[in-house]
Amino acid sequence: MTMSEMLREITPEEIENFHRDGAVLLKNIMGTDWTEVLAEGLEYANDHPDGTSVGVSEPLRIDQWPASHSPKLKKILDESPVAEIVGKIINAPVRFYMDQMFYKPAGLMAPSAWHQDTCYYNIDGHQLVRAWICADHAPRSVSMEVVRGSHLWNATYRPPVGMDPKENPEGAQALEKDFAAGKVLVGKEAHDHFTYFESFLDPGLPELPDIDSLRGSFDIMNWDYEPGDVLLFHGNIIHSARGGVELEHPRRSHASLWAGPDVSYLHRRSQAIPDPLPLYDFEPKDGQPLADFPEVFPLSWVP
Ligand SMILES: O=C(O)CCC(=O)C(=O)O
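From a predicted model like this one, the values you see are computed outputs, not experimental measurements.

(A) Fine view of the packing of helix 2 (residues 32–47) against helix 3 (residues 71–79). Contact pair helix 2 / helix 3: the axes reach a minimum separation of 7 Å and the direction vectors enclose 135°. Considering their axes alone, helix 2 and helix 3 lie oblique with respect to each other. Note on packing geometry: the crossing formed by helix 2 with helix 3 is left-handed. Contact residues: helix 2 offers Trp34, Val37, Leu38, Glu40, Gly41, Tyr44 and Ala45, while helix 3 offers Lys72, Leu73, Lys75 and Ile76. Here the residues of the contact of helix 2 with helix 3 sort into seven nonpolar, one polar and three charged.

(B) Structural view of the sheet that holds strand 10 (residues 220–222). Strands sit in the order 6-12-9-10 across an open sheet of four strands; the sheet is antiparallel. Two strands bound the open sheet, and with one partner strand each, they are strand 6 (112–115) and strand 10. Ignoring which end each strand starts from, the neighbouring axes of this sheet average 20° apart.

(C) Structural view of the site of the ligand. With respect to spatial proximity, the complete set of residues near the ligand consists of Phe102, Ser112, Asp117, Arg130, Trp132, His239, Ala241, Ser253 and Ala255. Among the elements of the structure, strand 8 (128–134), strand 12 (239–241) and strand 14 (251–259) are those that each provide at least two residues to the shell around the ligand.

(D) Expanded view of helix 2. Relative to the 22 Å expected for 16 residues at 1.5 Å per residue, helix 2 spans 23 Å between its end C-alpha atoms, a close match to the ideal helical length. Of all the residues in helix 2, the buried ones are Trp34, Leu38, Gly41, Leu42 and Ala45. Buried residues in helix 2, looked at end-on, bunch into an arc of 100°, giving them a common side. Where helix 2 is buried, its residues meet strand 3 (61–64), helix 3, strand 4 (94–104), strand 8 and strand 14.

(E) Expanded view of helix 5 (residues 169–180). For helix 5, with twelve residues, the first-to-last C-alpha span of 16 Å sits near the 16 Å given by 1.5 Å per residue. Note on helix 5: the residue one or two positions beyond its end, Gly182, has a positive phi of about 80°.

(F) Here's a closer look at unusual backbone geometry. Positive phi is not limited to glycine here, since Trp65 has a value of about 50°. Mapped onto the secondary structure, Trp65 falls in the loop between strand 3 and helix 3. Residue Trp65 is classed as buried on the basis of its 21 C-beta neighbours within 10 Å. A positive phi is found at Glu283, a non-glycine position, where the angle reads about 45°. Mapped onto the secondary structure, Glu283 falls in the loop between strand 15 (264–265) and strand 16 (299–301).

(G) Seen up close, the nonpolar core. Formed by 68 residues in total, the largest nonpolar core has its most connected members in Val86, Ala131, Leu232 and Trp258. No other element matches strand 4, which puts seven residues into this core. Excluding residues within four positions of it along the chain, Ala131 makes contact with Val82, Ile85, Val86, Val230, Leu232, Ser256 and Trp258.

(H) Representation of the pairing of strand 1 (residues 23–26) in the model. Side-chain alternation along strand 1 places Ala23 and Leu25 on one buried face and Val24 and Leu26 on a second face that is also buried. Here strand 1 pairs with strand 11 (residues 230–234) via four bridges, running antiparallel. If you follow Ala23 over to strand 11, its bridge partner there is Phe233.

(I) Structural context of the environment of Leu277. Here Leu277 shows up in the loop between strand 15 and strand 16. Considered as a pair, Leu277 and Asn236 are 41 residues apart in the sequence and their alpha carbons are 23 Å apart. Excluding residues that lie within four positions of it along the chain, Leu277 makes contacts with Lys188 and His191.

(J) Spatial organisation of the pairing of strand 3. Here two bridges tie strand 2 (residues 53–54) to strand 3, and the two strands are oriented antiparallel to one another. When the sheet's bridge partners are listed, Ser53 is paired in strand 3 with Asp63. Between the end of strand 2 and the start of strand 3, which pair antiparallel, lie six residues, with Gly55 showing a positive phi angle near 80°.

Quick notes on the rules
Residues numbered from 1 in each chain as written. Predicted model: local features only at pLDDT ≥ 70, side-chain atom pairs only at ≥ 80, totals over all residues. Axes fitted to C-alpha atoms, helices over the stretch in contact; angles between N-to-C directions. Helix = DSSP H or I, 4+ residues; strand = E, 2+ residues; numbered from the N terminus. Parallel < 35°, antiparallel > 145°, perpendicular 65-115°, else oblique. Left-handed = near helix turned anticlockwise from the far one by under 90°. Contact = placed C-beta atoms within 7 Å. Nonpolar A, V, L, I, M, F, W, Y, C, P; charged D, E, K, R; others polar. Pairing = 2+ DSSP bridges. Near = placed C-beta within 6 Å. Expected span 1.5 Å × (residues − 1). Buried ≥ 20, exposed ≤ 12 C-beta atoms within 10 Å, placed from the backbone. Arc of directions from axis to C-beta. Core = buried A, V, L, I, M, F, W, Y, C linked by C-beta atoms within 7 Å.

Any functional reading would require information that these geometric values do not contain.
Okay, structure coming up:
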């Protein structure tokens, strides 16, 4: 079956809004034939938890690289207009970096905590774009929200995960020793035995402000999302999803992370998510562009 391409062009205003605000919701840009593929792909991933599945049977399930074992999600990455949409917003070639699933079953919606994406990964750059798509109608009370313009604050905040030296001084000390000895802390094996909580809670990075208690002090953007829309946001933007609302249907989202030419490898002490598995064999060095590893990050779209 031939699947639909982009339903419309991205407007110059949408491109400008993305770069200024750090996020833009592109309404009705992917055909609903893709929504069915997305829903089937997410259901498959949900039914087949792997080592990277966090929160199985809980109200928020997060999987890393679900497209690596869910054929329909792989189809979304390889054949849907998502890569093209990202490439057009940054007007540059794009490579796929990684993807995640956020599966919230029907009932009381769990929130997704405020965070930046970049600080979880060993990458750095300005042309890092998340494409967030959802198989379900998601009103603004449960879809994504961002702090407008925070992608330009030039600040890297502490990911709200990892081993806290106050709660586990011995564990944190052992990690500290390994780090000083130059060991890879979140290595290949993390793909099978994944946990955020064995990484550092990096005390060297500033804590995120308590945005929920100070909502009036921040310029928060949020959107009512309909299947067929694509929400794009910058890797450095501070974002979250609200919870506490009852939904009669699940809220199943897929977020893929794409890199333009300025994105390079940067080993971060705060790394919580392992490098893509095949990358370990190349022993990447800080500052190497992802383009140096075309076997791991082939071009997905070129202008
Ligand atoms: O879908 C969600 O609730 C969270 C998504 C998210 O935080 C992300 O894509 O980085």
